[in-house]
Amino acid sequence: SFHAVETHGLDRTEGHDLSALPEQCFEEGAHIGALSQPEEFSIRLANFQSGLSAAPVRGKRLGWRDHNEDVTIDQVNFDPDAVVHAPGIVQAVPVERDADMIAAFPNGYFTVDLTPFELHMVATDLEKIGYKLIALGASYVAFWAEALLDDAQVALRSQIVAGLYHDADIDALNESVEGARHLILRYTD
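Owing to the predicted nature of the structure, the values given are computational and were not obtained by experimental measurement.

J.: Is there a simple way to think about the packing of helix α2 (residues 41-52) against helix α4 (residues 116-127) in this case?
T.: Two quantities define a packed helix pair, namely the angle between the axes and the distance from one axis to the other. With their axes 10 Å apart at the nearest point, α2 and α4 run at an angle of 75° to one another. In terms of orientation, α2 lies roughly perpendicular with respect to α4. The residues of α4 that touch α2, namely those facing Phe-48, Gly-51 and Leu-52, are Pro-116, Phe-117 and His-120. Looking at the contact of α2 with α4 residue by residue, the class counts come to 4 nonpolar, 2 polar and no charged.

J.: Where do I start with the pattern of salt bridges in this structure?
T.: Pairing of side chains with opposite charge becomes possible as their charged atoms draw close. Summed over all chains, the structure comprises 5 salt bridges. A salt bridge links Arg-97 to Glu-127; the nearest nitrogen and oxygen atoms lie 3.1 Å apart. With Arg-97 in the loop between α3 (73-78) and α4 and Glu-127 in helix α4, this pair connects stretches of sequence that are 30 residues apart. Lys-128 is paired through a salt bridge with Asp-125; the nearest N and O atoms lie 3.9 Å apart. Since its relative accessible area comes to 66%, Lys-128 is described here as exposed.

J.: Would you mind going over α2 with me for this structure?
T.: Every α-helical turn comprises 3.6 residues, leaving residues that sit three or four positions apart pointing alike. Between its first and last C-alpha atoms α2 spans 17 Å; for 12 residues at 1.5 Å apiece the expected length is 16 Å, and the two agree. Against the buried residues of α2 lie α1 (2-7) and α4.

J.: Would you explain the pairing of strand β7 (residues 182-186) in this entry?
T.: The side chains of a regular strand alternate, residue by residue, between the two faces of the sheet. Most of β7 sits out of view: 5 of its 5 residues are buried. A two-sided burial pattern is seen for β7, the buried positions comprising His-182, Ile-184 and Arg-186 on one face and Leu-183 and Leu-185 on the other. Across 5 bridges, the pairing between strand β6 (residues 140-145) and β7 is antiparallel. Looking across to β7, one finds that Trp-144 is bridged to His-182.

J.: Hey, could you run me through a nonpolar patch on the surface in this one?
T.: On the surface, Tyr-109, Phe-110 and Val-112 cluster together into a nonpolar patch covering about 300 Å² of accessible area. As for its placement among the helices and strands, Tyr-109 is situated in the loop between α3 and α4.

J.: Explain the packing of aromatic side chains here, please?
T.: Where two aromatic rings form a pair, the distance of their centres and the angle of their planes describe that pair. Tallied over the entire structure, the rule returns 3 aromatic pairs. Pairing Phe-48 with Phe-117 gives two aromatic rings, centres 5.3 Å apart and planes at 20°, and the pair type is stacked. Taken as a pair, Phe-48 in helix α2 and Phe-117 in helix α4 lie far apart in primary sequence, 69 residues in all. The same class applies to Phe-48 and to Phe-117, which are both buried. Arranged with centres 5.3 Å apart and planes meeting at 85°, the rings of Trp-64 and Tyr-165 form a pair that is edge-to-face. Of this pair, Trp-64 sits in the loop between α2 and β3 (65-66) while Tyr-165 sits in the loop between α5 (151-162) and α6 (170-176); the two residues are 101 residues apart in sequence, bridging distant segments of the chain. By the burial criterion, Trp-64 is buried, and Tyr-165 matches it.

J.: Quick question: what am I supposed to make of the side chain of Asp-113 here?
T.: Inspection of the secondary structure assignment puts Asp-113 in the loop between α3 and α4. In this structure, Asp-113 is buried with no salt-bridge partner, the nearest side chain bearing the opposite charge being Arg-186 at 7.4 Å. A distance of 2.9 Å separates a polar side-chain atom of Asp-113 from the backbone nitrogen of Asp-189. Once you skip the residues sitting within four places of it in the chain, Asp-113 turns out to touch Lys-60, Leu-62, Gly-108, Glu-118, Tyr-187, Thr-188 and Asp-189.

Reading guide: rules and limits
Residue numbers restart at each chain and count upward from 1, following the sequence in its written direction. Given that this is a predicted model, residues contribute local features only at a pLDDT of at least 70 and side-chain atom pairs are listed and counted only at 80 or more, while totals for whole chains, interfaces and linings are drawn from all residues. Side-chain measures here rest on the full set of heavy atoms in the structure, leaving out hydrogens and waters. Note on method: axes are straight lines fitted to C-alpha atoms, helices fitted across the in-contact stretch only, with angles between N-to-C directions ranging 0 to 180 degrees. Labels follow the DSSP assignment, with helices taken as runs of H or I lasting at least four residues and strands as runs of E lasting at least two, numbered in each case from the N terminus. Throughout this description, any angle smaller than 35 degrees is read as roughly parallel, any larger than 145 degrees as roughly antiparallel, any in the 65 to 115 degree range as roughly perpendicular, and the remainder as oblique. Any two residues whose heavy atoms approach within 4.5 Å at even a single point are treated as in contact. Note that Gly is not counted as nonpolar here; it falls among the polar residues with everything else outside the nonpolar set of Ala, Val, Leu, Ile, Met, Phe, Trp, Tyr, Cys and Pro and the charged set of Asp, Glu, Lys and Arg. We define a salt bridge as a side-chain nitrogen of Lys or Arg found within 4 Å of a carboxyl oxygen belonging to Asp or Glu. Relative accessibility under 20% of the residue-type maximum defines a buried residue, over 50% an exposed one, and the middle range a partly exposed one, all with a 1.4 Å probe and only protein chains included. In a helix, the anticipated span is given by 1.5 Å times the number of residues less one. At least two bridges found by DSSP between two strands is the condition for calling them paired. Patches draw on residues past 30% relative accessible area with no salt bridge. Two like charges within 9 Å are joined, as are two nonpolar side chains (Val, Leu, Ile, Met, Phe, Trp, Tyr) within 5 Å. Areas reported here follow the Shrake-Rupley algorithm with a probe of radius 1.4 Å; residue values treat only the protein chains shown as occluding. For this analysis, a ring pair means two rings from Phe, Tyr or Trp (six-membered ring only for Trp) whose centres lie within 6.5 Å, classed as stacked if their planes differ by under 30 degrees, edge-to-face if by over 60, and tilted for the remaining angles. This count recognises Lys and Arg as positive and Asp and Glu as negative, with His and chain-terminal groups excluded. Two N or O atoms count as a polar contact when they lie within 3.5 Å, although within protein this holds only if one can serve as hydrogen donor and the other as acceptor, and sequence-adjacent residues are included solely when both atoms are side-chain atoms.

Here it is in structure tokens:
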């Protein structure tokens, strides 16, 4: 989202060395400003990572039901096709930590949405119990666990998800993902 990039200053170039960037990043000797070339991603990532330390305190609570799609989080996890619309675009992002891929696709511009930094905190929390961020859409984010979660991990996942949604139905979610390794969450409201 251009709005999230602009709001959080993720395309700032001040203080970054632009001398190694290819010529298509410049027009008449001046940097164009839109970080649209692969070689410029390190600037966006650095800006994103510097914003993580200033991330706001948790406390935003989303609704369990997506009114645009008329589905709940547990229904989405039971049937991901309810919100996954073709065509999909796959893009690899050169990051060391999966959660950092959010820098390439920052969203969450509206005040009721999770900011890119808040979403990063959620991804980091889920990473601690075995989930990897694998996909990011306009409203939903998908995670994958290499192995099925044990009871302690399920309890932690329940706690994390309950902290995101003011009306979370954790029992329904746990039932919808039982025996599955995916987890799909909405980060917009």
